Every structure is written in structure tokens, then in C-alpha cells.
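The primary structure of each chain is shown beneath.
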Amino acid sequence: MKNFFFLEGAYLILGAIVLLITLFVTSRPFMAKGAVKKGLMWVSLVIAIMIGAHYSMTVSRMTEVKKAFEKDMPIICESRMQRKVAQIVIIQKSKDWSLEGDNFVSPNYSRPFFSARCVVK
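Criteria and cut-off values
- Residues numbered from 1 in each chain as written.
- Predicted model: local features only at pLDDT ≥ 70, side-chain atom pairs only at ≥ 80, totals over all residues.
- Heavy atoms only, no water.
- Helix = DSSP H or I, 4+ residues; strand = E, 2+ residues; numbered from the N terminus.
- Expected span 1.5 Å × (residues − 1).
- Bend = angle between axes of the 7 residues up to and from the residue.
- Buried < 20%, exposed > 50% of the residue type's maximum accessible area, 1.4 Å probe, protein only.
- Contact = heavy atoms within 4.5 Å.
- Pairing = 2+ DSSP bridges.
- Axes fitted to C-alpha atoms, helices over the stretch in contact; angles between N-to-C directions.

Right, let's get into helix 1 (residues 2-26). Taking 1.5 Å of rise per residue, the 25 residues of helix 1 would be expected to cover 36 Å, and the 33 Å separating its terminal C-alpha atoms lies within 8% of that figure. Taken as a whole, helix 1 carries its principal kink of about 65 degrees at Glu8. When helix 1 is considered as a whole, its buried residues turn out to be Phe4, Leu7, Glu8, Gly9, Gly15, Thr22 and Thr26. In this structure, the buried residues of helix 1 make contact with helix 2 (35-70) and strand 5 (113-114).

The structure is reproduced here in C-alpha cells:
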């Protein structure tokens with residue numbers, strides 16, 4: 001469950017903001033009776049489906065990346081250290097990388113790379 005909040009936290013906050021906007025708009029006097037209930041129900045449903053689908057895709061990609069790493073296949077990870085050059089890092093088990101939890105670590109790099117931000121090459 002911790003992983004869900006870590007991966008989807010920003011989207012949960014944005015969803016809450018959208019629900020607050022929906023509540024504000026549907027509670028205006030010019031809206032029909034029952035608009036608050038219907039509006040919140042449908043918007044909540046759409047947000048829940050979208051967040052659930054995103055989480056499912058992210059977790060399946062993480063699993064795919066971990067399996068490929070164990071097979072010593074090259075993994076491409078986003079590097080946020082330098083935005084102008086070397087925006088990606090190629091990770092491979094045979095090149096001194098290891099997997100600790102959900103993070104790829106190497107003694108050659110100062111920070112780990114989260115597997116959710118990586119894809120199989």
C-alpha cells in the first residue's frame with residue numbers, strides 16, 4: 001500500500017482538487033437538484049478508474065524491468081541529475097548495478113534510480 005501512495009500520491013492530490021472544483025460548481029444555485037451527488041459520483045468514478053489504470057500499468061512495467069534486469073538485459077532509466085546532456089542512463093547487471101528493493105544502485109553513481117522510471121531497451 002505504501003508503494004501505491006508513493007507512485008500515485010500526486011494524482012490523488014490532483015483528483016481531490018478536481019473533486020473540490022466539482023463540489024463547488026455543482027452546488028451553485030443555478031444547478032439542478034441532485035447535481036452534487038451525481039457530479040461527485042461520476043467524477044470520483046472516472047478519477048478512480050484513471051488512477052487505478054495508471055497504477056496497474058506502472059506496477060506491470062516495474063515487474064517487466066526487474067525481470068529484464070535479472071536476465072542482464074539493458075535497462076534505460078531517466079537521469080534527472082543533468083538535464084542538458086546524458087538524460088538517460090543504461091543500467092545492466094553485468095555493469096556493476098544491483099537491485100535494492102525498487103531501486104537500481106551502483107557504486108559509480110551517487111543516487112539510486114527508481115524502477116518505475118525505467119524501461120527495457
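With a phi angle near 65 degrees, Asp72 is a residue other than glycine that sits in the positive phi range. Topologically, Asp72 is positioned in the loop between helix 2 and strand 1 (75-78).

Below, the discussion takes up the sheet that holds strand 2 (residues 88-91). With antiparallel pairing, the three strands of this open sheet are ordered in space as 2-1-6. In this open sheet, the two strands that pair with only one neighbour each are strand 2 and strand 6 (118-120). Looking at each pair of strands side by side, their axes are set apart by 25 degrees on average, direction ignored. One ladder, built from four bridges, connects strand 1 with strand 2; its direction is antiparallel. Looking at the pairing, Ile75 lines up with Ile91 of strand 2.

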